[in-house]
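# Chain and residue survey
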Amino acid sequence: MCSLHTIMAIGINRYFAICRNHVYKRIFSRRKNVIYCMCLWMGATAIEIPNHFGWGGNSFDKKSLMCLYDRTQHYSFSVFWVLFAVCLPIGVVAVAYWRVYVKVRSVRKRVCAVADSTVSGRLDAVNKPIQPKIRKRDVALAKTLFIIFIVFLVCWFPYALIIIIDYYNTAHGNWYIFVVSLAHTNSSVNFILYGATNQQFRSAYSAVLTCKSDNQVLGAETTWNGQTKRSTLAPPSTNSQRHLLPPSFTGK
């Protein structure tokens, strides 16, 4: 359960890092991050507490072959668990990644408008409406965020669905084994998804496997559209949003 809320917290963190960067360092300081992690575990524990006071219960589920909350004892608790443990993280992650995509796309448009107007000598073009264009980089960004969210949704939604619709506990045990296994697979494939869609994660994985130092990872050079740029794992600068874009967009 806490793993789901951790994924939700990562989505919120990415939203503030890109869409509300001016307050990012104030909200996500090292001390506050420790507090947030503690709150995640305390929240996950709080959802389980009603099982010990008459609302729900804990037992060995013969269908999913696991020791967990008794979904057949109180249906209302099962609905409560699904809403707060599964549906809430799915909704927050969906909104966070969508806002990130919208923000980055709007910044790219503004930077492109400035570059185009500078080259043409018509600076007043910046103040004119920009006709939306579908760019390959926008599609690539949407694809990355879409894949991360869809895998999360595919892994956990079947479990939430079967808990809700199997009111009379008539579904075959194989279905429960399948959806529970699928749900736990999400945590196993996350590192693959981030590595496959993010160059900095791939560089960090390579550094860990080859025992490189932290300085080598933070100062590693990455290539984007044929141009080399030194990468950093730090959040975007509060002075400018230009570095949210690849070098080809910023003119560097």
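The structure we're discussing is the one just above.
Keep in mind it's a predicted model, so treat the numbers as computed, not measured.

## As for the overall build of the chain
Looking only at helices and strands, the chain has 9 helices and 4 strands in total. Traced from its N-terminal end to its C-terminal end, the chain shows the element sequence α-α-α-β-β-α-α-α-α-α-β-β-α. Classification of the 252 residues of the chain by burial places 35% in the buried group. Considering only intrachain contacts with a sequence separation of at least 6, the fraction spanning at least 24 residues in the chain is 60%. Taken as a whole, the chain presents about 15600 Å² of accessible surface, with 64% of it coming from carbon and sulfur.

## Examining the pattern of salt bridges
Summed over the entire model, instances satisfying the criterion amount to 1 salt bridge. Ionic pairing is found between Asp-61 and Arg-71, a salt bridge with its closest N-O pair at 2.9 Å. Highlighted residues: Asp-61 in strand β1 (residues 58–61) and Arg-71 in the loop between β2 (66–69) and α4 (75–120), separated in sequence by 10 residues. The pair formed by Asp-61 and Arg-71 is uniform in burial state, with each residue classed as buried.

## Points about a nonpolar patch on the surface
Nonpolar side chains collect at one region of the surface, where Val-34, Met-38 and Met-42 lie side by side and expose about 310 Å² of accessible area between them. Here Met-42 lies in helix α3 (residues 30–48).

## A few points about empty space enclosed by the protein
Inspection of every chain in the model, using the stated rule, returns 3 cavities of 30 Å³ or more. In this structure, the largest cavity spans a volume of roughly 60 Å³. What lines the largest cavity is Ile-7, Val-93, Tyr-97, Ile-148, Phe-152, Asn-186, Asn-190 and Tyr-194. Of all the secondary structure elements, the ones that give two or more residues to the lining of the largest cavity are α4, α5 (136–165) and α6 (173–197). The element that contributes the greatest number of residues to the lining of the largest cavity is α6, accounting for 3 residues. Split by residue class, the lining of the largest cavity holds 6 nonpolar, 2 polar and no charged.

## A word on the pairing of β1
Both faces of the sheet carry side chains from a regular strand, because those side chains alternate between them. Two strands pair when backbone bridges link them, and β1 and β2 are joined in this way by 4 bridges, in the antiparallel orientation. When the sheet's bridge partners are listed, Asp-61 is paired in β2 with Met-66.

## Examining the packing of aromatic side chains
By the definition in use, this model includes 16 aromatic pairs. Members of the aromatic cluster, joined through ring pairs, are Trp-55, Tyr-69, Phe-77, Phe-80, Trp-81, Phe-84, Trp-156 and Tyr-159.

Definitions and limits used
- Residues numbered from 1 in each chain as written.
- Predicted model: local features only at pLDDT ≥ 70, side-chain atom pairs only at ≥ 80, totals over all residues.
- Heavy atoms only, no water.
- Helix = DSSP H or I, 4+ residues; strand = E, 2+ residues; numbered from the N terminus.
- Buried < 20%, exposed > 50% of the residue type's maximum accessible area, 1.4 Å probe, protein only.
- Contact = heavy atoms within 4.5 Å.
- Areas by Shrake-Rupley, 256 points an atom, 1.4 Å probe, with all protein chains shown as cover.
- Salt bridge = Lys/Arg side-chain N within 4 Å of Asp/Glu carboxyl O.
- Patch = residues over 30% accessible without salt bridge, like charges linked within 9 Å, V, L, I, M, F, W, Y side chains within 5 Å.
- 1 Å grid on protein atoms, 1.4 Å probe; cavity = no way out; pocket = protein on both sides within 12 Å on 5 of 7 lines; lining within 4 Å.
- Points joined across faces, edges and corners; volume = space filled by probe spheres on them.
- Nonpolar A, V, L, I, M, F, W, Y, C, P; charged D, E, K, R; others polar.
- Pairing = 2+ DSSP bridges.
- Phe/Tyr/Trp six-rings, centres within 6.5 Å; stacked < 30°, edge-to-face > 60°.

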